[in-house]
Amino acid sequence: MTGFRPFFNPATGEWIEFTAVSEDSDGQLIRFSWRSVPGGLITEHIHPRQEERFIITEGEARFTLDGEELIARAGDTIVVPAGVRHSEGNPGPGEIQAVVELRPALRSKEFHEAVAGLAADGRTTPRGAPRNPLQLGATFWHFRHESRVTSPPVGLQNIMLPPLWAVAKAFGVRPYYGRWDSRIRRC
């Protein structure tokens, strides 16, 4: 049986603990418990190939969905279709708790662990982008099907990131490191 330890992303102010991963659903779903601390903010992004669903269980969350601001409270569900730009934030004063689901799962587990791991290692800007351009290329190009920031524009990212990814690969910079794995193996 496998469990997962919660982990914190200091750049976004979010705690994540996986409750269902790709292997549990033949790749169809990833689910995690999500907590956002007051002041937490996830910058605007898209999930090119995934629907994202937030089921708010506690607190009040501020979302932007395709430029429109929404407030979600306990009992509300926000559904973000694939390809729709969105952001999430916690204006405070209390913590937000939710269940988040992404369909299909893709490599979302590893993506969330990678961006949180880089931030926890002190290797990102305050907004969570890797400081090292090779790490930026390695991680953000590798996980481009899971998540894309909207600034700089995706078209520009499509020009900038592949060469960075290729050079990163040549220098042994990986998009994901095993030390970030939140899986707890039990007998």
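Cut-off values and rules
- Residues numbered from 1 in each chain as written.
- Predicted model: local features only at pLDDT ≥ 70, side-chain atom pairs only at ≥ 80, totals over all residues.
- Heavy atoms only, no water.
- Pairing = 2+ DSSP bridges.
- Helix = DSSP H or I, 4+ residues; strand = E, 2+ residues; numbered from the N terminus.
- Buried < 20%, exposed > 50% of the residue type's maximum accessible area, 1.4 Å probe, protein only.
- Polar contact = N/O pair within 3.5 Å; in protein donor to acceptor, adjacent residues only side chain to side chain.
- Contact = heavy atoms within 4.5 Å.
- Phe/Tyr/Trp six-rings, centres within 6.5 Å; stacked < 30°, edge-to-face > 60°.
- Axes fitted to C-alpha atoms, helices over the stretch in contact; angles between N-to-C directions.
- Parallel < 35°, antiparallel > 145°, perpendicular 65-115°, else oblique.
- Nonpolar A, V, L, I, M, F, W, Y, C, P; charged D, E, K, R; others polar.
- Salt bridge = Lys/Arg side-chain N within 4 Å of Asp/Glu carboxyl O.

Peer 1: Any chance you could explain the sheet that holds strand β10 (residues 86–89) here in plain terms?
Peer 2: By way of backbone hydrogen bonds, the strands of a sheet pair with one another, either parallel or antiparallel. Taken together, 5 strands build an open sheet; the order of strands is β8-β7-β10-β5-β12 and the sheet is antiparallel. A strand with exactly one partner marks an edge of an open sheet, and here the two such strands are β8 (68–73) and β12 (148–149). In this sheet, β8 lies alongside strand β7 (residues 60–65) in antiparallel orientation, the contact comprising 6 bridges. Each bridged residue has a counterpart across the sheet, and for F63 the counterpart in β8 is L70.

Peer 1: Where do I start with the side chain of E146 in this structure?
Peer 2: With respect to the helices and strands, E146 occurs in the loop between α2 (133–142) and β12. Residue classification places E146 among the buried residues on the basis of a relative accessible area of 3%. Of note is the side chain of E146, whose polar atom sits 3.0 Å from the backbone nitrogen of R107. In contact with E146, not counting residues within four places along its chain, are I46, H47, P48, Q50, L106, R107, S108 and F111.

Peer 1: Can you help me understand the packing of aromatic side chains in this one?
Peer 2: Any aromatic ring pair is given by two values, namely how distant the centres are and how the planes are angled relative to each other. Enumeration according to the criterion identifies 9 aromatic pairs in this entry. Here the aromatic rings of F8 and W15 are separated by 5.0 Å at their centres, their planes lie at 40 degrees, and the arrangement is tilted. Given a relative accessible area of 28%, W15 falls into the partly exposed group. Ring geometry for Y176 and W180: centres 6.1 Å apart, planes at 80 degrees, overall edge-to-face. Taken together, the ring pairs connect F4, F7, F18 and F32 into an aromatic cluster.

Peer 1: Even after reading the chapter, I still don't get the pairing of strand β5 (residues 41–46), so can you show me in this structure?
Peer 2: With 3 bridges joining them, β5 and β10 adopt antiparallel strand pairing. Bridge pairing links L41 to G89 in β10. As paired strands, β5 and β12 are joined by 2 bridges and run antiparallel to one another. Residue H45 lies in a different strand from β12, and its bridge partner there is V149.

Peer 1: I would appreciate a short explanation of the packing of α2 against helix α3 (residues 154–170) in the present structure.
Peer 2: Helix-helix packing is characterised by the crossing angle of the two axes and by the distance between the axes. Axis separation between α2 and α3 bottoms out at 7 Å; the angle between their running directions is 110 degrees. With respect to their mutual orientation, α2 and α3 come out roughly perpendicular. Residues P133, L134, L136, G137, A138, F140 and W141 of α2 form the contact with α3, whose own contacting residues are Q157, N158, L161, P162, L164, W165, V167 and A168. Class assignment of the residues belonging to the contact of α2 with α3 gives a composition of 12 nonpolar, 3 polar and no charged.

Peer 1: What exactly am I supposed to notice about the pattern of salt bridges here?
Peer 2: Pairing between side chains of opposite charge can happen when their charged atoms approach one another. In the structure shown here, the tally under the stated rule is 14 salt bridges. Across the pair E95 and R35 runs a salt bridge whose closest N-O atoms are separated by 3.0 Å. Linking E95 in the loop between β10 and β11 (96–103) with R35 in strand β4 (residues 30–36), this pair joins segments that are 60 residues apart in sequence. Looking at R35, the relative accessible area reads 30%, which means it is partly exposed. For R103, the salt bridge goes to E101, with nearest N and O atoms at 2.9 Å. One network of salt bridges, in which partners are shared, links E23, K109, E113, D181 and R183.

Peer 1: Please explain the pairing of strand β6 (residues 51–58) as it appears in this structure.
Peer 2: Across a regular strand the side chains alternate sides, sitting on one face of the sheet and then on the other. As defined by bridge partners, β6 adjoins β11 across 7 bridges and the pair is classed as antiparallel. Paired with E52 across the strands is L102, a residue of β11. Judged from the 4 bridges that link them, β6 and strand β9 (residues 77–80) form a sheet pairing that is antiparallel. Counterpart to F54 in the pairing with β9 is I78.

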